[in-house]
Amino acid sequence: MKVMVAIKRVLDYNVAPRIGRDGSSIDISNAKMSMNPFDEIAVEEAVRLKEAGVATEVVVVSCGVAQAQETLRNALAMGADRALLVETSAQLQPLAVAKLLKALVDKEQPSLVLLGKQAIDDDSNQTGQMLAALAGLPQATFASKVAIADGKVTVEREVDGGAQTLALTLPAVVTTDLRLNEPRYVTLPNIMKAKKKPLETIEPDSLGVDVSPRLKTLKIVEPRKRTAGLMVPDVKALLEGLKTQAKVL
């Protein structure tokens, strides 16, 4: 069984984002970049499936600039077998990425496609759902537990009322949540081995996909700073403050 995992190169979660000079983008110059944490969980789950003898091959794919090869190498060091990079300098939006992944799914024919539930740079939470719709595959989002047996994948996911369990017929698309697993640390020997694993680079045109942006970001602003709280001596003062300042009464 082949498992395909889609990963994204994003600004490291420990780095405070800075708004670009144009006011409509995030400045990533000289900033540390890393694998999207939710995608790292997806890679870990795929590698565990291989180690358990359920999967026979793990293929990691990414769409973006040439520097994304570093992110793919990190996934290979975690235990993936080979990597594919759809290289483009265009600003990729969820629909374009979903179309590229759909073309790769048609080419690779994986039994299971794993993605992080969302990317921490835009928090769109759209690519997995769009991919499932374009490919005509069953989907389960926000997976906190994944099990495969008898040609089906059973996914447990958290919902407002508790936990929901879904059974999907393979092939299928699953997006991963934080509680699914804890990704392993990459060791130096595995980093060295990853350099010898195959990494293929292709262009969007070869897949017949137009990646032109459909949306335009007009403006990005920082969150408004919170003001200090107000200490009140009694309930009467609290109610008066709610009336005059919060205007909720």
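Figured I'd write up the structure that's included with this text.

Criteria and thresholds
Residues numbered from 1 in each chain as written. Predicted model: local features only at pLDDT ≥ 70, side-chain atom pairs only at ≥ 80, totals over all residues. Heavy atoms only, no water. Helix = DSSP H or I, 4+ residues; strand = E, 2+ residues; numbered from the N terminus. Expected span 1.5 Å × (residues − 1). Buried < 20%, exposed > 50% of the residue type's maximum accessible area, 1.4 Å probe, protein only. Contact = heavy atoms within 4.5 Å. Axes fitted to C-alpha atoms, helices over the stretch in contact; angles between N-to-C directions. Parallel < 35°, antiparallel > 145°, perpendicular 65-115°, else oblique. Left-handed = near helix turned anticlockwise from the far one by under 90°. Nonpolar A, V, L, I, M, F, W, Y, C, P; charged D, E, K, R; others polar. Arc of directions from axis to C-beta.

A closer look at helix α3 (residues 94-108)
Line of reasoning, step 1. Between the first and last C-alpha of α3 there are 20 Å, a value that for 15 residues agrees with the 21 Å anticipated at 1.5 Å per step.
Line of reasoning, step 2. Considered for burial, the residues of α3 that qualify are P94, A96, V97, A98, L100, L101, A103, L104, V105 and E108.
Line of reasoning, step 3. Its buried side turned inward, α3 meets β1 (2-7), β6 (57-64), β7 (82-87), β8 (112-116), α4 (127-135) and β13 (199-202).

What to know about the packing of α3 against α4
Line of reasoning, step 1. Contact geometry for α3 and α4: axes closest at 8 Å, N-to-C directions at 50°. Relative to α4, the element α3 lies oblique. Our pair here, α3 against α4, has a crossing hand that is right-handed. Packed against α3, whose contacting residues are P94, L95, V97, A98, K99, L101, K102 and V105, the element α4 presents T127, M130, L131, L134 and A135 at the interface.
Line of reasoning, step 2. For the contact of α3 with α4, the class distribution of residues is 10 nonpolar, one polar and two charged.

Re the side chain of K2
Line of reasoning, step 1. Within the secondary structure, K2 is located in strand β1.
Line of reasoning, step 2. Not counting the four nearest positions on each side in its chain, K2 is found in contact with T56, E57, V59, R82, E108, P110, S111 and L112.

Some remarks on α4
Given 3.6 residues per helical turn, the α-helix brings residues three or four places apart onto the same face.
Line of reasoning, step 1. Within α4, the full set of buried residues consists of G128, L131 and A132. Buried residues in α4, looked at end-on, bunch into an arc of 100°, giving them a common side.
Line of reasoning, step 2. Elements in contact with the buried residues of α4: α3, β8, β9 (139-149) and β12 (172-176).
Line of reasoning, step 3. The first or second residue beyond α4 is G136, which carries a positive phi of 65°.

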